[in-house]
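Architecture at a glance
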Amino acid sequence: MSAAKRDYHEDDIRAGLVGSVMGNDPVKANELQKIAVEESRLGIPLIIGFDVIHGLRGVFPIAIAEAGSFDDDLMERTARMAAEESRAYGISWNFAPMLDVARDARWGRVSEGPGEDPYLASRFARAKIRGLQGRTDSAETYVAACVKHFVAYSTCEGGRDYNTTSMSVSQLYNVYLPPFKAAVEEGAATAMASFMASFNDLNGVPCTVNAWTLRDILKGAYGMEGFVVSDANGIRECVSHGIAANERDAGVQAAKAGLDMDMGTHIFRDHLKKAIEDGLLPVEVVDEAVRRILTVKTWLGLFERPYTPEETIRAYAEALPESHAALCREAAEKSIVLLKNEGNILPIKRDAKVSLVGSLAGNAGEVVGAWSMGWEKKDCVSILDGLRNAGATVRYYPCGGPEGELNEDEIQSACNDGDVIVAVVGELISMSGEASSKADITLPGKQRELLERLTASGKPVVTVLMNGRPLALGWEAERLPVLLEAWHLGIQMGNAVASVIFGDVNPSGKLTSSFPFVTGQEPTYYNHPNTGRPAGKSKFTSKYLDAPAKALYPFGYGLSYTTFAYENLRVTDTGDSLDIAVTVRNTGSREGTEVAQFYIRDVTASLVRPVKELKGYRRVALSPGEAREVRLTLSKRNLGFYDNRGEYVLEDGLFRVYAGGDSENVLEQELDVRF
Ligand code: NOJ
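The numbers attached to residues start from 1 for each chain and follow its sequence in the written order. Whole-chain, interface and lining totals are the exception, using all residues; otherwise, since this is a predicted model, local features are given only for residues with pLDDT of at least 70 and side-chain atom pairs are given and counted only at 80 or more. As a rule here, side-chain values cover all heavy atoms of the structure and leave hydrogens and water aside.

**Quick notes on the overall build of the protein chain**
Looking only at helices and strands, one finds 19 helices and 23 strands in the protein chain. The C-alpha radius of gyration of the protein chain comes to 25 Å, within 12% of the 26 Å expected for a compact globule of 675 residues. Its C-alpha atoms give the protein chain principal-axis dimensions of about 75 × 60 × 45 Å. Buried residues are those whose accessible area, probed at 1.4 Å on protein chains only, stays under 20% of the maximum for their type, while exposed residues exceed 50% and partly exposed ones sit between those limits. Every one of the 675 residues in the protein chain was classed for burial, and the buried ones make up 61%. Between two residues, a contact is recorded if the distance between any of their heavy atoms is within 4.5 Å. Sequence separation of 24 or more characterises 76% of the internal contacts of the protein chain that already satisfy a separation of 6 or more. For the protein chain, the accessible surface area stands at approximately 25,100 Å², while carbon and sulfur atoms represent 49% of it. Numbering of helices and strands runs from the N terminus; a helix is a DSSP stretch of H or I covering at least four residues, while a strand is a stretch of E covering at least two. Restricting the calculation to C-alpha atoms gives the radius of gyration, and the globule rule supplies 2.2 Å times the number of residues raised to the power 0.38. We get accessible surface area from the Shrake-Rupley algorithm with a probe of 1.4 Å; when it comes to residues, only the shown protein chains can shield them.

**Considering the site of the ligand**
Close contacts around the ligand come from 13 residues, with Asp51, Arg109, Lys148, His149 and Asp231 the closest. The separation between an oxygen atom of the ligand and a polar side-chain atom of arginine 109 is 2.7 Å. In the model, an oxygen atom of the ligand is placed 2.7 Å from a nitrogen or oxygen of the histidine 149 side chain. The protein chains hide 94% of the 300 Å² of surface that the ligand would expose on its own. In the shell around the ligand, the residues fall into seven nonpolar, one polar and five charged. If even one non-hydrogen atom of a residue comes within 4 Å of a molecule or strand, that residue is called near it. Polar contacts here mean pairs of N or O atoms no more than 3.5 Å apart (in protein, one a potential hydrogen donor and the other a potential acceptor; neighbouring residues in sequence count only if both atoms are side-chain atoms). Asp, Glu, Lys and Arg are counted as charged, while Ala, Val, Leu, Ile, Met, Phe, Trp, Tyr, Cys and Pro are counted as nonpolar; the rest, among them Gly, fall into the polar class.

**Points about the sheet that holds strand E1 (residues 20-22)**
An order of E1-E2-E3-E4-E5-E8 is seen for the six strands of this open sheet, with the pairing classed as parallel. In the strand order of this sheet, the two ends are held by E1 and strand E8 (227-229), each with one partner. Strands pair, by our definition, only if DSSP identifies at least two bridges between them. Here two bridges tie strand E3 (residues 93-94) to strand E4 (residues 144-150), and the two strands are oriented parallel to one another. Pairing of tryptophan 93 across the sheet is with alanine 144, part of E4.

**Describing the domain arrangement of the protein chain**
An automatic or database domain assignment supplies the start and end points of every domain. Domain annotation for the protein chain reports domain 1 (321-521) and domain 2 (564-673). Between the C-alpha centres of domain 1 and domain 2 the distance comes to 33 Å. Contacts between the two partners involve seven residues from domain 1, matched on the other side by nine residues from domain 2. Summed over both partners, the accessible area (1.4 Å probe) lost when two parts come together is defined as the buried area. Surface buried jointly by domain 1 and domain 2 totals about 570 Å² across both partners, of which 37% is contributed by carbon and sulfur atoms. Summed over the three residues of domain 1 that lose the most area to domain 2, namely Asn506, Ser508 and Lys510, the buried surface amounts to 75% of that side. Any carboxyl oxygen of Asp or Glu within 4 Å of a side-chain nitrogen of Lys or Arg constitutes a salt bridge here. Where domain 1 meets domain 2, there are one salt bridge. Remark: the boundary between domain 1 and domain 2 carries five residue pairs in polar contact (both at pLDDT 80 or more).

**Observations regarding unusual backbone geometry**
A cis geometry characterises the amide bond from phenylalanine 150 onward to valine 151, with omega recorded as 10°. Within the fold, valine 151 resides in the loop between E4 and helix H6 (169-176). The linkage connecting leucine 346 with the following residue, proline 347, adopts the cis geometry, with an omega of -5°. Position of proline 347 among the secondary structure elements: in the loop between strand E9 (337-341) and strand E10 (353-357). Positive phi values are uncommon outside glycine, yet asparagine 344 reaches one of about 45°. The topology assignment puts asparagine 344 in the loop between E9 and E10. Using a relative accessible area of 60% as the deciding quantity, one classes asparagine 344 as exposed. The phi dihedral of alanine 435 is positive, around 55°, even though this residue is not glycine. Topologically, alanine 435 is positioned in the loop between strand E12 (420-426) and helix H17 (447-456).

**Quick look at the side chain of histidine 149**
With respect to the helices and strands, the residue histidine 149 is situated in strand E4. Judged by relative accessible area, which is 1%, histidine 149 ranks as buried. A polar contact of 2.8 Å, which involves the side chain of histidine 149, links it to the side chain of aspartate 100. With residues up to four places along the chain from it excluded, the contact list for histidine 149 reads Met98, Asp100, Arg109, Glu112, Phe180, Met196, Ser198 and Asp231.

**A closer look at the packing of H6 against helix H7 (residues 178-187)**
Whenever a helix is involved, its axis is fitted only over the stretch in contact; in every case the axis is a line through C-alpha atoms, and angles between N-to-C directions fall within 0 to 180 degrees. Contact geometry of H6 with H7 gives a least axis separation of 5 Å together with a crossing angle of 55°. Taken together, the axis directions place H6 and H7 in an arrangement best described as oblique. Contacts from Leu172, Tyr173, Asn174, Val175 and Tyr176 of H6 reach H7 at Pro178, Pro179 and Phe180. Working rule for angles: under 35 degrees goes down as roughly parallel, over 145 as roughly antiparallel, 65 to 115 as roughly perpendicular, anything else as oblique.

**Describing the sheet that holds strand E19 (residues 627-635)**
Ordered by their spatial adjacency, three strands build an open sheet running E15-E16-E19, and the pairing between neighbours is antiparallel. Sheet topology places strand E15 (564-573) and E19 at the edges, where each strand pairs with a single neighbour. Recorded for the sheet is a direction-independent mean angle of 20° between the axes of neighbouring strands. Note: strand E16 (residues 577-586) against E19, nine bridges, orientation antiparallel. Looking at E19, one finds that serine 577 is bridged to serine 635.

**A few points about the packing of helix H5 (residues 118-133) against H7**
Two numbers describe how H5 lies on H7: the axes approach to 8 Å, and their chain directions differ by 30°. In terms of orientation, H5 lies roughly parallel with respect to H7. The two elements H5 and H7 cross, and the hand of that crossing is right-handed. Facing Pro118, Ala121, Ser122, Ala125, Arg126, Ile129, Arg130 and Gln133 of H5, the residues of H7 in contact are Pro178, Pro179, Ala182, Ala183, Glu185, Glu186 and Gly187. Crossing handedness is read from the near helix: turned anticlockwise from the far helix by less than a right angle, it gives a left-handed crossing, and turned clockwise, a right-handed one.

**With respect to the pattern of salt bridges**
Oppositely charged side chains can form a pair if their charged atoms are brought close together. One pass over the structure, following the stated rule, counts 58 salt bridges. Lysine 334 is paired through a salt bridge with aspartate 71; the nearest N and O atoms lie 2.8 Å apart. One end of the pair, lysine 334, is in helix H14 (residues 322-335); the other, aspartate 71, is in the loop between helix H3 (63-66) and helix H4 (72-88), and 263 residues separate them in sequence. Taking the shortest distance from any N to any O, the salt bridge between glutamate 405 and lysine 446 comes out at 2.7 Å.

**Quick look at the packing of aromatic side chains**
Working definition: rings of Phe, Tyr and Trp (its six-membered ring) pair if their centres are within 6.5 Å, and the pair is stacked with planes under 30 degrees apart, edge-to-face with planes over 60 apart, and tilted otherwise. Tallied over the entire structure, the rule returns 20 aromatic pairs. A centroid spacing of 6.3 Å and a plane angle of 80° characterise the contact between phenylalanine 655 and phenylalanine 675, whose relative ring orientation is edge-to-face. You can see phenylalanine 655 sitting in strand E22 (residues 653-660) and its partner phenylalanine 675 sitting in the segment after strand E23 (666-673), a full 20 residues away along the chain. For phenylalanine 675, a relative accessible area of 38% translates into the label partly exposed. Through a chain of ring-to-ring contacts, the aromatic side chains of Phe70, Tyr119, Tyr526, Phe555, Tyr599 and Tyr617 assemble into a single cluster. Charges are assigned to positions over rings by a cutoff of 6 Å between ring centre and Lys NZ or Arg CZ, combined with an angular limit of 35 degrees from the ring normal. Between lysine 148 and the ring centre of tryptophan 371, over which it is positioned, the NZ or CZ distance is 5.6 Å. Between lysine 612 and the ring centre of tyrosine 658, over which it is positioned, the NZ or CZ distance is 5.1 Å.

**Digging into the confidence of the model for the protein chain**
When pLDDT is low, close inspection of the predicted coordinates is not appropriate. Each residue carries a pLDDT score, the predictor's confidence in it, ranging from 0 to 100. Scored by pLDDT, the protein chain has a mean of 96; 99% of the residues are at 70 or more. No element of the protein chain has a lower mean pLDDT than helix H13 (residues 310-318), at 87, and none a higher one than E9, at 99.

Okay, structure coming up:
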């Protein structure tokens, strides 16, 4: 909302025709709110919504990275910070969390969600709902969440944004619905404020007009009491989908299906009244939508406090609180994933002379990631700044980046200078997020060539990746000694990367999405159903002729500067639960934190089940030599699955239980389970 000449629809607000406005200009929001409250017939306050996805001014890591901390408390705290900042800035409705389980890294929006696993995504969902909506003791501390995108948007064919999706009922219920269900359950403690319908069609019915997903599942079976908003322009797009003859038809279908609010078009405003008069739409449908929206506005306290006090706006505009910067840094540090560290090149000595390479390294504006708005450039710490802040002796040679040509002279100087080269490569923010699908997910531009030239110098090269999606890194993993996955970590990115590079922080993040060797392996995900011919030596098994049959780096993977060993997995059936225990030992020479992971496999079932499914995790801090028993009590209720009628079933039989530091390297025990 910054453009001076923008139409803010003041007249429509005055006429009572607008219920919500999107924007992050609190002064303007107060002006518009005044019109709604004081000049419209009913005086109903506006609800001001905005895309605060991973922070407003205190921008923390993109979700695909943050979920890799496997730290629920952290995920909750960052959401609370976002809620507080939003309220201080006149925003009471955040279009988050984004809960699309995503398995195809060609889709640019993988960056916005918590990765490929429904269990982790459900834990993320609960943490975010608690953080955004949980503390209702004072209006300054909570906002209405808008859980999105409902549903199955991430399975757009070919990873092409907005594309069609098709799947079985069991697939929908087992993989894509769980985080949304978890959000409703968690929200029940306060109020489940709102959901956003997704753009895609699901099995032929656009989710904007899908009565099965909106009315039967979301509002019916899950009992979601808040309202559902379309995605921007979603109702009109039903005409392009070819499911509605015209805008009025689309609006009527959407309202009937359970959509309560129209984002981005005037279709509800222009057509629903007449549709009711013409007998095309029962008035009760609109009454219900109004009741749901008013319930959320009331819950937010907008009737008592419609305006944002000038002091909070001023305070917000002046400076980012230190505690917010510190939380952004903690989240960034915990989200970094060490993929490879041959010869223990990392951590590097603080007195080493560093040649820092890559245009991304010096560009503070690139640290925030997709969907960041409201941040201040002065709060952003580039990797160059971060290394300097850490007291490093660093010389910066941009050399080139995701776009454009390489600078030969700079490459020469970077190679001649310095004891160690830190090369920052990856993607620009604009290469992931909405409408940023890619057919090739290798490092863009001439960055491979750049890395090749740097390694040819013979100097140790530390490659820091800055990206919004899993990249196909087969080439890099074969040739480069060190790979540090740093994603888009938010405003404290530079300080966090520096603290890991110099060893002040021992990396503990894990991958929330599997990384392939080559793009053609997408979708690659660990929890795939088994085939009748699992990939093996024989040609006639499920694999590619020209790519490995597994991920380069699987879900849950991430190294540390120390090493961990898993011993003595014990599973006891206690009747209602499985009591699982495993010993995790720090076998290296420094303190570190490991994310211990528990998986299961239903070996024989009436539907083909995934080869592994995450069922629990714990972060464990261990001193050198220390061993600790990590336990998980897994209720047997969690061993079931949804069938093709959408019914949850528990089937007796053989199960495997696994524990380990990633989804591949695990201990296992088999047992017969009766329910
Ligand atoms: C489109 C996006 O799909 C959605 O995630 C976002 O919240 C809305 N536009 C509003 O900006």
